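Chain residues, written in single-letter form:
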Amino acid sequence: RQLCHEGPCAGVCSEEVTVRCQCKGARAKWSCAQVQEALQAAGRPRTYDATTTLRLLPCDATCPVITKGPATSSSAVASKGGH
């Protein structure tokens, strides 16, 4: 199955896409249309594919880089549901 996010989407695309923060600690599911809007707002091209790393979320207090530094394991972050 071809993923809708490989190239431009026709109309408003509701396919779920995972977005992350810079350190990859925080993550969320956004619709493809939301991702396209965020990319445009950031001055980036609206098109993307499976090889594009979508780091659109800000790091928060639970991210390993902020809490304990870059060498921290992300296992505690993975269990925080809803993010």
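Since we're looking at a predicted model, the values are computed, not measured.

1. Some words on helix 1 (residues 32-41)
Buried residues of helix 1: Cys 32, Ala 33, Val 35, Gln 36 and Leu 39, and no others. Looking straight down helix 1, one finds that the buried residues subtend no more than 160° of arc, so they occupy a single side. In helix 1, the exposed positions that point more than 90 degrees away from the buried face belong to Glu 37 and Ala 41. Of the residues flanking the end of helix 1, it is Gly 43, one or two places downstream, whose phi is positive at about 80°.

2. A look at unusual backbone geometry
One non-glycine residue, Lys 24, lies in positive phi territory at about 70°. On the secondary structure map, Lys 24 appears in the loop between strand 1 (16-20) and strand 2 (27-31). Taking relative accessible area as the criterion, Lys 24 reaches 46% and is therefore assigned partly exposed.

3. Focus on the confidence of the model for the chain
Taken as a whole, the chain shows an average pLDDT of 74; of its residues, 66% reach a score of 70 or greater. The spread of mean pLDDT over the elements of the chain runs between helix 3 (residues 75-78), the lowest at 41, and strand 2, the highest at 91. Across residues 72-83 the pLDDT falls below 50, and counting only partners more than four positions away or on other chains, this stretch makes 15 contacts in the model.

4. Quick word on the nonpolar core
Soluble globular proteins tend to bury their nonpolar side chains together. In terms of nonpolar packing, the biggest core is built from 13 residues, with Val 17, Val 19, Val 35, Leu 39, Tyr 48 and Leu 54 touching the most fellow members. At the level of elements, strand 1 and helix 1 are the ones that each hand at least two residues to this core. Sort the elements by how many residues they give to this core and helix 1 lands first, with three residues. Sequence-distant contacts of Leu 54, that is, excluding residues within four places in its chain, are made with Val 17, Thr 18, Val 19, Arg 20, Val 35, Leu 39 and Tyr 48.

5. Quick word on the pairing of strand 2
Put simply, side chains in a regular strand alternate between the two faces of the sheet. In terms of strand pairing, strand 1 meets strand 2 through five bridges, oriented antiparallel. Bridge pairing in strand 2 places Val 17 opposite Trp 30. Hairpin connection of strand 1 to strand 2: six residues between the antiparallel strands, including Lys 24 at a positive phi of 70°.

The rules behind these values
Residues numbered from 1 in each chain as written. Predicted model: local features only at pLDDT ≥ 70, side-chain atom pairs only at ≥ 80, totals over all residues. Heavy atoms only, no water. Buried < 20%, exposed > 50% of the residue type's maximum accessible area, 1.4 Å probe, protein only. Helix = DSSP H or I, 4+ residues; strand = E, 2+ residues; numbered from the N terminus. Arc of directions from axis to C-beta. pLDDT = per-residue confidence, 0-100. Contact = heavy atoms within 4.5 Å. Core = buried A, V, L, I, M, F, W, Y, C linked by side-chain atoms within 4.5 Å. Pairing = 2+ DSSP bridges.

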